[in-house]
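Below, each chain spelled out in residue letters.
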Amino acid sequence: MAETSGQYGPDWQMPPPMLGAHGAGPAVIIRSERAVVATRQVLVFPTGIVIEVEAHGRDTWQDQYGIEYTDGLRFAVRFADGRTVRQNDSAGLRDGRGPMLHAFSTQSSGGGRNNSEDIQLSLWLWPLPPSGPVTLSCSWPRAGITDAGLVLDGDRLRAAAALAEPFWSSDQG
């Protein structure tokens, strides 16, 4: 498994220390009477992609204290070569090929008189997808969403990866 240099950890864990290139977005994944889920942007790096997601729900908030949180917002990805990954599933690490998908940054709030819910996630998908369609799917049972999807262009994502820029030149560490 490839590793990034320095203190940033393995490639599957988080984006490298770079400015990611724009790959797609914004785009609505699904909109209903109770919820909207959208990608704000997709940033591309040589080792993977960041998918910034925003979701808003009406009458979806539940106080999660003391209960199992199983009907929340979840994502999965399918590559053109048939490989699939669900959010926070580490199976792709066992063979070292990936894919791996996890939320490395999250913000959420909810409540109020409408029991509304607002969620922002940054998902890290490793490795960089192969050419062909890359299907991002989501489910949010509490909001009545069981399978919604957005198809990204793997060729476009791969081309954008070459445009990512390191924060610093190599001699500055």
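Cut-off values and rules
Residues numbered from 1 in each chain as written. Predicted model: local features only at pLDDT ≥ 70, side-chain atom pairs only at ≥ 80, totals over all residues. Heavy atoms only, no water. Helix = DSSP H or I, 4+ residues; strand = E, 2+ residues; numbered from the N terminus. Contact = heavy atoms within 4.5 Å. Areas by Shrake-Rupley, 256 points an atom, 1.4 Å probe, with all protein chains shown as cover. Buried < 20%, exposed > 50% of the residue type's maximum accessible area, 1.4 Å probe, protein only. Polar contact = N/O pair within 3.5 Å; in protein donor to acceptor, adjacent residues only side chain to side chain. Pairing = 2+ DSSP bridges. Axes fitted to C-alpha atoms, helices over the stretch in contact; angles between N-to-C directions. pLDDT = per-residue confidence, 0-100. Salt bridge = Lys/Arg side-chain N within 4 Å of Asp/Glu carboxyl O.

(A) Examining the overall build of the chain more closely. The helix and strand inventory of the chain stands at 2 helices and 12 strands. Counting helices and strands in the order they occur from the N terminus, the chain gives β-β-β-β-β-β-β-α-β-β-β-β-α-β. Residue pairs at least 24 apart in sequence account for 59% of intrachain contacts in the chain once pairs closer than 6 positions are excluded. As displayed, the chain offers around 9400 Å² of accessible surface, 47% of which is attributable to carbon and sulfur atoms.

(B) Quick look at the side chain of R142. Structurally, R142 can be placed in the loop between β10 (133-140) and β11 (145-153). Classification of R142 as buried rests on a relative accessible area of 7%. A polar contact of 2.8 Å, which involves the side chain of R142, links it to the side chain of E117.

(C) Quick look at the sheet that holds β10. The strand order across the open sheet formed by 4 strands is β7-β6-β10-β11, and the pairing between neighbours is antiparallel. What marks the edges here is a single partner per strand, and that holds for β7 (84-86) and β11. Each strand of the sheet is rotated relative to its neighbour by a mean of 15 degrees, with strand direction disregarded. Sheet topology note: the strand β6 (residues 74-78)/β7 ladder contains 3 bridges and is antiparallel. Paired with A76 across the strands is R86, a residue of β7. Those strands touched by helix α2 (residues 154-161) are β10 and β11, and its axis lies near 55 degrees from that of β11.

(D) Fine view of the confidence of the model for the chain. Taken over all residues, the pLDDT of the chain has a mean of 86, while the share at 70 or more is 85%. Per-element averaging of pLDDT across the chain places strand β8 (residues 100-111) at the bottom with 82 and α2 at the top with 98. Confidence over residues 1-6 falls short of pLDDT 50; this stretch has 12 contacts with residues more than four positions distant or in other chains.

(E) Fine view of the pattern of salt bridges. Tallied over the full model, the rule gives 3 salt bridges. Residue E54 is joined to R40 by a salt bridge in which the shortest nitrogen-to-oxygen separation is 2.9 Å. Residue E54 is found in strand β5 (residues 48-57), and its partner R40 is found in strand β4 (residues 35-45); the two are separated by 14 residues along the sequence. Classification of E54 by relative accessible area gives buried; the value is 18%. Ionic pairing is found between D81 and R83, a salt bridge with its closest N-O pair at 3.0 Å.

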